[in-house]
Amino acid sequence: MAMLGQRRQQRRPARKRLEASNGQRDEKGSVVIERMAHDGRGVSRNRDGKTLFIEQALTGEEVEVAIHTQHGRYDEGHVRRVVKASEARVTPGCEHFGRCGGCDLQHLEIEGQRRHKQQVLREHLERHDIALPEPELLKGEAWGYRRRARLGVRVGSDDRLHFGYRVRGQDRLFNIEQCPILEPRLEALLQPLRALIETLEAPRRLGHVELVAGDDSVMITLRQLRRVPGDMTRWQQFARDHQLLLSVLAGEGNSPQLMRLDDHPDIWPHYRALVDDRGAGIGIQSGDFLQANADVNHQLVARVLEWANVHNEMAVMDLFAGVGNFSLTLAAAGARVIAYEGRESMVQRLRDNAENAGVADRIDARCTDLSGAPAGLEQADLVVLDPPRSGAQGICQALADNGPSRVLYVSCEPATLARDVHILTGGGYRLVQALVADMFPQTAHLESLVLLERQST
Ligand SMILES: C[S@@+](CC[C@H](N)C(=O)[O-])C[C@H]1O[C@@H](n2cnc3c(N)ncnc32)[C@H](O)[C@@H]1O
């Protein structure tokens with residue numbers, strides 16, 4: 001399982017963190033921001049023509065800059081003072097913005113964020129000479145949308161508790177007091193969780209706390225390195241007080257054991273996707289993949305269904321299927337789906353979800369490593385794929401060689417999407433529809449969906 005759980009390998013260029021007392025050097029004078037980079041930073045140049053990437057700077061603004069990292073061909077810094085602000089600049093909605101490592105775009109008004117994401121998708125594809133029809137936009141609430149979070153726990157040598165997100169690119173936790181992009185039910189738990197952890201007998205035995213908000217229930221999962229019976233009793237009381245489902249991943253190493261500790265061990269969080277219009281929901285358990293934004297995911301599944309244009313008995317392959325987010329709805333619309341997923345536990349959940357939705361006879365769920373292409377791609381009428389950030393190069397090569405007439409590609413990384421679409425267009429496909437789903441407002445993360453059709457020869 002080469003790709004499972006792995007993040008994209010990033011090349012690390014030689015760099016020099018500035019060693020001055022505050023780790024920064026002020027750039028002389030002010031600079032004007034020429035454009036925004038794909039990661040949301042402003043791009044400008046210093047007096048010598050060297051490129052600057054500046055956090056929290058917007059196109060057209062004049063800013064004074066503090067440089068914190070120097071590289072051979074570019075420097076990185078942040079805004080010391082805004083001399084002339086863009087009309088699109090707004091006051092960030094969170095006091096942690098710029099420090100916790102989560103959001104990148106809170107200083108840009110929400111419609112500007114969305115235009116930026118559409119532009120980023122266009123630019124990635126244009127680099128491969130692929131012209132994009134104006135990408136449609138799916139959008140939901142700008143705040144309070146995120147239904148999953150993992151908060152690290154660490155106790156310093158001074159006995160101080162650190163409870164929060166991992167700072168990007170660093171092995172350090174940022175203490176979180178608030179997180180307004182979290183679903184309100186999850187954000188409301190931050191302070192009580194901290195208060196509880198501060199009084200535990202052995203907080204050093206706790207690795208992280210994962211929060212998941214289903215439609216009707218909230219579950220917390222503890223990564224407990226060693227069981228501490230007194231602390232478990234406290235957690236059980238906490239779950240009762242806050243009406244939470246409670247799981248524990250216990251034991252050291254990579255294969256901890258999952259246990260339920262609450263009073264309702266048969267209930268797991270569910271969310272409604274389209275299939276739920278028929279009465280069932282999609283069930284998830286601790287560690288399963290879950291699209292972060294319920295509303296935008298619902299719209300995305302609806303658009304996948306629309307673009308799939310399902311006719312009865314149509315053969316669909318759903319690759320990287322998770323717990324059935326797309327498979328269930330496609331099957332409920334009449335398709336026969338072969339769903340491939342690499343994690344056995346999620347494949348089992350997909351089968352259970354299909355059973356509950358009354359479509360088990362239309363879904364064949366298989367546990368397969370998709371580092372390579374599965375057999376029989378050409379026998380499908382439609383292939384749906386939703387790979388991790390690393391994309392699906394091998395599968396797209398196989399589709400280009402001998403794929404079905406239509407491919408629907410859901411992507412969380414525009415660079416690998418553009419690379420893979422380039423492979424597909426080289427094999428005779430044409431990009432006919434595209435959309436940006438604003439799944440992660442306030443951040444630069446970009447989710448997109450494209451439809452490709454094989455050109456007839
Ligand atoms: C972006 S998620 C999409 C899940 C699902 N389509 C959804 O919308 O919820 C990617 C999925 O691919 C699975 N995956 C990652 N690498 C894989 C591999 N090499 N082989 C098979 N599945 C893999 C993950 O476990 C995860 O469920």
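Reading the values: the criteria
- For every chain, the first residue of its written sequence is number 1, and the numbers climb from 1 along that sequence.
- Side-chain atom pairs in this predicted model are given and counted only at pLDDT of 80 or more, local residue features only at pLDDT of at least 70, and totals for whole chains, interfaces and linings cover all residues.
- Either an automatic procedure or a domain database provided the assignment from which the domain bounds are taken.
- In this scheme every C-beta is placed from the backbone, and a residue whose C-beta has 20 or more other C-beta atoms within 10 Å is buried, one with 12 or fewer is exposed, and one in between is partly exposed.
- Working definition: helices are DSSP H or I runs of at least four residues, strands are E runs of at least two. Numbering for both runs from the N terminus.
- Two strands pair under a simple rule: DSSP has to find at least two bridges between them.
- When the strands point away from the viewer and the connection leading from the first strand across the helix to the second strand turns clockwise, the crossover is called right-handed.
- Each residue is represented by a C-beta atom placed from its backbone, and any two residues with such atoms within 7 Å are regarded as in contact.
- The C-beta atom of each residue is placed using the backbone, and any residue whose C-beta lies within 6 Å of a molecule or strand is treated as near it.
- Just so you know the grouping, Ala, Val, Leu, Ile, Met, Phe, Trp, Tyr, Cys and Pro go in nonpolar, Asp, Glu, Lys and Arg go in charged, and all remaining residues, Gly too, go in polar.
- Helix axes use the C-alpha atoms of the stretch in contact, all axes being lines fitted to C-alpha atoms, and the angles between their N-to-C directions lie in the range 0 to 180 degrees.
- Here the word oblique covers every angle except those under 35 degrees (roughly parallel), over 145 (roughly antiparallel) and from 65 to 115 (roughly perpendicular).
- In a left-handed crossing the near helix is turned counterclockwise from the far helix by less than a right angle, and in a right-handed crossing that turn is clockwise.
- UniProt positions are given in the numbering used here, feature names are shortened, and annotations may be inferred rather than shown by experiment.

Colleague: So what exactly am I meant to see when it comes to the domain arrangement of the protein here?
Modeller: Interface size is often expressed as the accessible area that is lost when the parts come together. The domains assigned to the protein are domain 1 (15-89), domain 2 (115-141 + 273-454) and domain 3 (148-213 + 218-260). Relative placement of domain 1 and domain 2: their C-alpha centres are 37 Å apart.

Colleague: Is there a simple way to explain the pairing of strand β21 (residues 382-385) in this structure?
Modeller: Along any regular strand, the residues point their side chains to alternate faces of the sheet. By the alternation rule, side chains of β21 split into L382 and V384 and V383 and L385, which are all buried. When strand β18 (residues 315-319) meets β21, the two strands line up parallel, connected through four bridges. Along β21, the bridge assignment pairs D318 with V384. By the bridge criterion, four bridges tie β21 to strand β22 (residues 406-411) in an arrangement that is parallel. By the bridge assignment for β22, L382 is matched with R406. Considered for its hand, the β-α-β crossover made up of β21, helix α8 (residues 393-402) and β22 is right-handed.

Colleague: Whenever I open this one, unusual backbone geometry confuses me. Can you help?
Modeller: The general pattern is negative phi for most residues beyond glycine and trans for most peptide bonds. Phi at D129 is positive, roughly 60 degrees, even though this residue is not glycine. By the secondary structure assignment, D129 is in the loop between α1 (110-126) and β8 (136-138). On the basis of neighbour counts, which here come to 8 C-beta atoms within 10 Å, the residue D129 falls in the exposed class. For D159, which is not glycine, the phi torsion reads 70 degrees and is therefore positive. With respect to the element layout, D159 can be found in the loop between β9 (148-155) and β10 (161-166). Of the residues examined, D159 has 8 C-beta atoms within 10 Å and is grouped as exposed.

Colleague: What should I look at first to understand the environment of E341 in this one?
Modeller: In this structure, E341 sits in strand β19 (residues 336-341). Owing to 25 C-beta atoms within 10 Å, E341 belongs among the buried residues under this scheme. Residues E341 and L319, 22 residues apart in the sequence, show an inter-C-alpha distance of 6.6 Å. Excluding residues that lie within four positions of it along the chain, E341 makes contacts with F320, A321, G322, M346, V347, L350 and C367.

Colleague: I'm lost on the site of the ligand in this one. Help?
Modeller: With respect to spatial proximity, 20 residues lie near the ligand, and among them F320, G322, N325, G342 and L370 are the closest. Residues that form the shell around the ligand fall into these classes: 11 nonpolar, five polar and four charged.

Colleague: How do you make sense of the packing of α8 against helix α9 (residues 414-426) when you look at a structure like this?
Modeller: If you want to describe how two helices pack, look at the angle between their axes and the distance between the axes. As a packed pair, α8 and α9 sit with axes 8 Å apart at the nearest point and diverge in direction by 15 degrees. Relative to α9, α8 is oriented roughly parallel. In this structure, the crossing between α8 and α9 has a hand that is right-handed. Taken together, the residues of α9 that come into contact with α8 (itself represented by Q393, C396, Q397, L399 and A400) are R419, D420, I423, L424 and G426.

Colleague: Just checking my understanding: could you explain the UniProt feature "binding site: S-adenosyl-L-methionine" (unreviewed entry) in the protein for this structure?
Modeller: Using the residue numbers shown here, the UniProt feature "binding site: S-adenosyl-L-methionine" (unreviewed entry) corresponds to Q291, F320, E341 and D386. Relative to the helices and strands, F320 resides in the loop between β18 and α6 (327-332). A residue is classified by how many C-beta atoms lie within 10 Å of it, and F320, with 20 of them, is buried. Position of D386 relative to the elements: it lies in the loop between β21 and α8. Take D386: there are 23 C-beta atoms within 10 Å of it, and that puts it in the buried class. The residues contacting D386, other than those within four sequence positions of it, are F320, F326 and V410.

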